[in-house]
Every structure is written in C-alpha cells, then in structure tokens.
Amino acid sequence: MLERIKRQGLAVAIMSVVCAAVIPSVALARKPQPPAPATSCLFHDAHFHLTNYVQKGTDMGKYVDEIMGDKVCRSTVFGIPLQQTWSYGNSGDFAPTYYLQSDAPLYYYSFTDAWIASQYLKLKPEQRQRLDPMITGFNPADMYAVDHIRRVLETYPGVFTGIGEFTIHKEFVSAKIAGEIASLTNPALDRILDFAGEVGLAVILHSDIDMPFAKAGAEPVFLKQMKDLLRRHPQTTIIWAHLGLGRVVHPVQGQATSDAAERNPAYRELVEAMVNDPTLSHVYFDISWDEVAKYAVSSPESIENTAAMLNKYPERFLFGTDNVAPADQTAQLRVYDMWAPIWSRLTPEASLKVRTGNYERVFDAARVRVRAWEKANVK
Ligand SMILES: [Zn+2]
C-alpha cells in the first residue's frame, strides 16, 4: 500500500480506495480495482470535532467505519481545546457539557492532543489514511504555545496534519476563557502561524469577524486585524473557519442605495474582495457549521448569491460539518443536507472542488510537508 501511495500520489490512492464512485474515470484507470463502495461518498469533512467541551465523544474507529462509512471519504479530526469547568459553586449537581450551560470559566485542556493521537494510533492503516488529525490543545495567547505544538509533533510523529480549530474571537466563549484574552494582534499568535508555515501545518482558525449584535452600518470590528494578521503569514496555509460568522455574528446587511453601502458592503462583497486580493492567496474559507448553512439557505436570494460565489471561486471554499461528537451517520450528514439547494446549483466542477477537491489539495500538501519536517527534525 505504501509503495502504491508513493507511485500514484496520496490523493489518487485514497480516492481510488474509498471514493471510487466520485471520480469513476480515475477509478477505472487503475487495475486491479478494489471493490467499489456500495454508494458514493458525498464529501470530505474539513471541520470535525471528535470530542465536546467536556472531552467526551465518539470512538475514532467507530467514527471512520460507521459514521463516515461510505458517505464521507476523508475527514479532519480534532477535539476542542477548551474544557468547561464544572463548578459546584455555580451549577451544583448539574454537570454542564456546553459553554452556554454554566457561568464557570473554560480552560485550555492540552491533553486533548494526546487523546486524539492515541486514538489515531490504534486504528488500522486504511482507517488512518482517511483522517487528518489536528493539534488544538494550546493557548494562542501564550508565547509558549508554539513549544506545545512542536512537542506534540516530536511525541507523535506521523500523526498530525495541521493545527486547529483554535479560536481567537468567538461570541460567548472568548470572555469565559481563564487568563489573558486572545487577540489577533498578539505576537504569540504570530509565532504560532510562523511555525505552522515553517512545518507546513495547515491551519484552521476561528475568529469572528465582528462583535455580537454589532451596529448595522459599521465595518466589522475585527476585519482589518484579521486581514493584517493573514498578510503577515503568506507562507502559511490558513483556513478561516465559518467565513468568520457566528451564531449571532451574522452576515453584514448592505443597503445597495444608501450611503452606508459604501462603508458597509454586503458580506459577500467582503469575502469576494478577500478572495480577489493577491496578498491573501494563501487563505481559504470553510463553510462549516449549521449556523452558516442557515444563513446560506435563509432566502432564495441568499441561495443564489452563495451558489454564485462558490461557482465563481470554487478553489477557495471547503465544506465541513463542524459536528461535535455525532452519535450516528444521520447526525453527521445533517449539515451537508442543509446545503442541498446550493449543491444543486453548482457546476459539477465547483461542487467537486468544494466537497472534496480542495480538501485533497490543502491537506495532502500539508501531510507531505509535515512528514518531511518530522523526518528532518524529530530524532
Ligand atoms: Zn468547530
């Protein structure tokens, strides 16, 4: 299998094993062929949490065999770096499992990376091939965060493809994290992104573009800081999670005829300007999270605009679910199904890139680079 991967390229080998139905022309070119899956795979999941805010979740082998099954060919896999404290003084006997269920703080739980690595190392090689584990258990406001990332790579070589999802600004969450508040202007974050670029780690970064309940007509508060940050790291492949949106951080509503439109373009114009900016060509956007899907399909106009954007710039968007510890395959496919009105409006080429092609390009390149860095740097 390893020799074959070397000869044919990682993407082709993986696709021919688990995704034959998606690109039959590639599959047919290879002989002899493994039996084709009974049904076609729908997507690769560029944003997936195996565990929740109290570090509980799905067994990784079960995730691959039963939840991804023959519907999801490949997937990122990470925990959540933040642990919700169960403060007896706050909620008594009620054990909170989500950040909105308690006033007690969240703290960085670095053991998540060891947990993910240990689960991954128990898998069979063919199960591992379908996963891209990510490092998340670091505090992005800590100048030592980069040492944690390096230590994880040294301890578990051959496992991780990238870092993230980690969070800078997130509604209701940032203010609950114990210690210094993370910031897009903190040099600790620059160190992390520099190191990711040096190693080749793909980055999934969550940072809301705006404050919750921001005033209409104002430029999103964090847009300039975010663009400045991204421009400082042109050698690092960065996926901006959820297009910078949140549960209440909604797409900015521009008014085509008002003065405000000059200062406050519709959200799609902000994204389009970034996609067309040559200084941001290393930046991708994931369209994960059911909250984002809700915006995308909220009206016929939104469906048309979103489909038009994906058709025009299919290389820059990745589909992901942002599921947290789903119980079964039905739960895993729910966000994908929400996008149905948009999938049906995409060209075959755009659809394939957003669902699978961009994932392969970004994560295969990262795998190759991280393995090379490990070979050169891990004794
Ligand atoms: Zn997420």
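If you're wondering where the values come from, they're calculated on a predicted model, not measured in any experiment.

Undergrad: Is there a simple way to explain the overall build of the protein in this structure?
TA: Secondary structure summary: the protein contains 17 helices and 12 strands in total. In the protein, buried positions account for 56% of the 379 residues. Of the contacts made within the protein by residues no fewer than 6 positions apart, 80% connect residues no fewer than 24 positions apart. Roughly 16,400 Å² of accessible area belongs to the protein as shown, and the carbon and sulfur atoms make up 57% of that amount.

Undergrad: Even after reading the chapter, I still don't get the nonpolar core, so can you show me in this structure?
TA: One recurring pattern in soluble globular proteins is that nonpolar side chains are buried together. Counting 82 residues, the largest nonpolar core has Ile163, Phe166, Phe317 and Trp339 as the members making the most contacts within it. By residue number, the principal contributor to this core is helix H9 (residues 187-199), which donates six residues. Not counting chain neighbours up to four residues away, the residues in contact with tryptophan 339 comprise Ile287, Val292, Ala293, Ala296, Thr306, Leu310 and Phe319. Of all hydrophobic cores here, the second largest spans 13 residues; its members include Ile204, Ile239, Tyr359 and Ala366.

Undergrad: Explanation requested: a negative patch on the surface in the structure shown.
TA: Together, Asp59, Asp65, Glu66 and Glu126 make up a region of like negative charge exposed at the surface. Within the fold, glutamate 66 resides in helix H4 (residues 60-68).

Undergrad: What exactly am I supposed to notice about the state of the cysteines here?
TA: The final tally for this structure, using the stated rule, is one disulfide. The residue that forms a disulfide with cysteine 41 is cysteine 73, at a sulfur-sulfur distance of 2.1 Å. The chirality of the disulfide connecting cysteine 41 with cysteine 73 is left-handed, given an S-S dihedral of about -120 degrees. With cysteine 41 in the loop between helix H3 (24-29) and strand E1 (43-45) and cysteine 73 in strand E3 (residues 72-77), this residue pair connects regions lying 32 residues apart in the sequence. Note on accessibility: cysteine 41 and cysteine 73 belong to one class, buried.

Undergrad: Just checking my understanding: could you explain helix H14 (residues 300-312) for this structure?
TA: Between its first and last C-alpha atoms H14 spans 18 Å; for 13 residues at 1.5 Å apiece the expected length is 18 Å, and the two agree. Of the residues making up H14, those classed as buried are Ser302, Ile303, Thr306, Ala307, Met309 and Leu310. Taken around the axis of H14, the buried residues stretch over an arc of 160 degrees, which confines them to a single face. Within H14, the exposed residues directed more than 90 degrees away from the buried face are Pro300, Glu301 and Lys312.

Undergrad: Could you clarify how one ought to interpret the coordination of the zinc ion in this entry?
TA: The reference angle at a metal is 109.5 degrees if four donors form a tetrahedron and 90 or 180 degrees if six donors form an octahedron. Every protein donor of the zinc ion is listed here as His47 (NE2), His49 (NE2), Glu165 (OE) and Asp322 (OD), and their distances to the metal cover 2.1 to 2.2 Å. Here the zinc ion binds four donor atoms, and the angle range of 86 to 174 degrees at the metal identifies the geometry as irregular. Along the chain, the residues donating to the zinc ion are arranged with the sequence spacing H-x1-H-x115-E-x156-D. Residue histidine 47 is found in the loop between E1 and strand E2 (48-49), and its partner glutamate 165 is found in strand E7 (residues 162-167); the two are separated by 118 residues along the sequence.

Undergrad: I'm lost on the confidence of the model for the protein in this one. Help?
TA: Close reading of the predicted structure is inappropriate where its pLDDT is low. When pLDDT is averaged along the protein, the result is 85; 82% of the residues meet or exceed 70. Of the regions scoring below 50 in pLDDT, residues 1-38 engages in 44 contacts with residues more than four places distant in sequence or in other chains. Between residues 253-264, whose pLDDT stays under 50, and residues either more than four places distant or in other chains, the model counts 12 contacts.

Undergrad: So what exactly am I meant to see when it comes to the environment of serine 344 here?
TA: Inspection of the secondary structure puts serine 344 in the loop between helix H16 (340-343) and helix H17 (348-377). Classification of serine 344 by relative accessible area gives exposed; the value is 59%. Once the C-alpha coordinates of serine 344 and alanine 307 are considered, the two residues, 37 residues apart in sequence, prove to be 8.9 Å apart.

Undergrad: How should I be thinking about the sheet that holds strand E9 (residues 238-240) in this particular structure?
TA: Hydrogen bonds along the backbone pair up the strands of a sheet, which may run parallel or antiparallel. An order of E1-E3-E6-E7-E8-E9-E10-E11 is seen for the eight strands of this open sheet, with the pairing classed as parallel. Each having just a single partner strand, E1 and strand E11 (317-318) make up the two edges of the open sheet. Pairing of E1 with E3 involves two bridges; the strand directions are parallel. Bridging from a neighbouring strand, aspartate 45 pairs with serine 75 of E3. Sheet contacts for helix H15 (residues 329-338): E1 and E3; angle to E1, the most-contacted strand, approximately 110 degrees.

Undergrad: How should the packing of helix H12 (residues 267-275) against H14 be read in this particular structure?
TA: Describing two packed helices takes the angle between their axes plus the distance from one axis to the other. Packing of H12 against H14 leaves a shortest axis separation of 11 Å and a crossing angle of 5 degrees. Between H12 and H14, the angle falls in the class roughly parallel. Where H12 approaches H14, its residues Arg268, Val271 and Glu272 are matched on the opposing element by Asn305, Met309 and Lys312. Of the residues assigned to the contact of H12 with H14, the class counts are two nonpolar, one polar and three charged.

Undergrad: Where do I start with the packing of aromatic side chains in this structure?
TA: Describing an aromatic ring pair means giving the distance of the ring centres and the angle of the ring planes. Under the counting rule described, the total for this entry stands at 16 aromatic pairs. Aromatic side chains tyrosine 53 and tyrosine 98 sit 5.7 Å apart centroid to centroid with 85 degrees between the ring planes, which places their arrangement in the edge-to-face category. Of this pair, tyrosine 53 sits in the loop between E2 and H4 while tyrosine 98 is found in the loop between helix H5 (88-91) and strand E5 (106-108), placing the two residues 45 residues apart along the sequence. Note on tyrosine 53 and tyrosine 99: the rings are 5.0 Å apart at their centroids and 70 degrees apart in plane angle, and the pair reads as edge-to-face.

Undergrad: For this particular structure, what's the right way to read the side chain of aspartate 132?
TA: In this fold, aspartate 132 is placed in strand E6 (residues 131-135). The class of aspartate 132 is buried, set by a relative accessible area of 0%. A distance of 2.7 Å separates polar atoms of two side chains, one belonging to aspartate 132 and the other to tyrosine 359. At 2.7 Å, the side chain of aspartate 132 forms a polar contact with the side chain of arginine 367. Those residues within four positions of aspartate 132 in sequence are excluded, and the remaining contacts are Arg74, Ser75, Thr76, Val77, Thr161, Tyr359, Phe363 and Arg367.

What counts and how
- Residues numbered from 1 in each chain as written.
- Predicted model: local features only at pLDDT ≥ 70, side-chain atom pairs only at ≥ 80, totals over all residues.
- Heavy atoms only, no water.
- Helix = DSSP H or I, 4+ residues; strand = E, 2+ residues; numbered from the N terminus.
- Buried < 20%, exposed > 50% of the residue type's maximum accessible area, 1.4 Å probe, protein only.
- Contact = heavy atoms within 4.5 Å.
- Areas by Shrake-Rupley, 256 points an atom, 1.4 Å probe, with all protein chains shown as cover.
- Core = buried A, V, L, I, M, F, W, Y, C linked by side-chain atoms within 4.5 Å.
- Patch = residues over 30% accessible without salt bridge, like charges linked within 9 Å, V, L, I, M, F, W, Y side chains within 5 Å.
- Salt bridge = Lys/Arg side-chain N within 4 Å of Asp/Glu carboxyl O.
- Lys, Arg positive; Asp, Glu negative; His and termini not counted.
- Charge placed at Lys NZ, Arg CZ, Asp CG, Glu CD.
- Disulfide = S-S within 2.5 Å.
- Expected span 1.5 Å × (residues − 1).
- Arc of directions from axis to C-beta.
- Donors = N, O, S within 2.8 Å, 3.2 Å for Na, K, Ca; no water.
- Tetrahedral: all angles 85-135°; square planar, octahedral: opposite > 155°, others 65-115°.
- pLDDT = per-residue confidence, 0-100.
- Pairing = 2+ DSSP bridges.
- Axes fitted to C-alpha atoms, helices over the stretch in contact; angles between N-to-C directions.
- Parallel < 35°, antiparallel > 145°, perpendicular 65-115°, else oblique.
- Nonpolar A, V, L, I, M, F, W, Y, C, P; charged D, E, K, R; others polar.
- Phe/Tyr/Trp six-rings, centres within 6.5 Å; stacked < 30°, edge-to-face > 60°.
- Polar contact = N/O pair within 3.5 Å; in protein donor to acceptor, adjacent residues only side chain to side chain.

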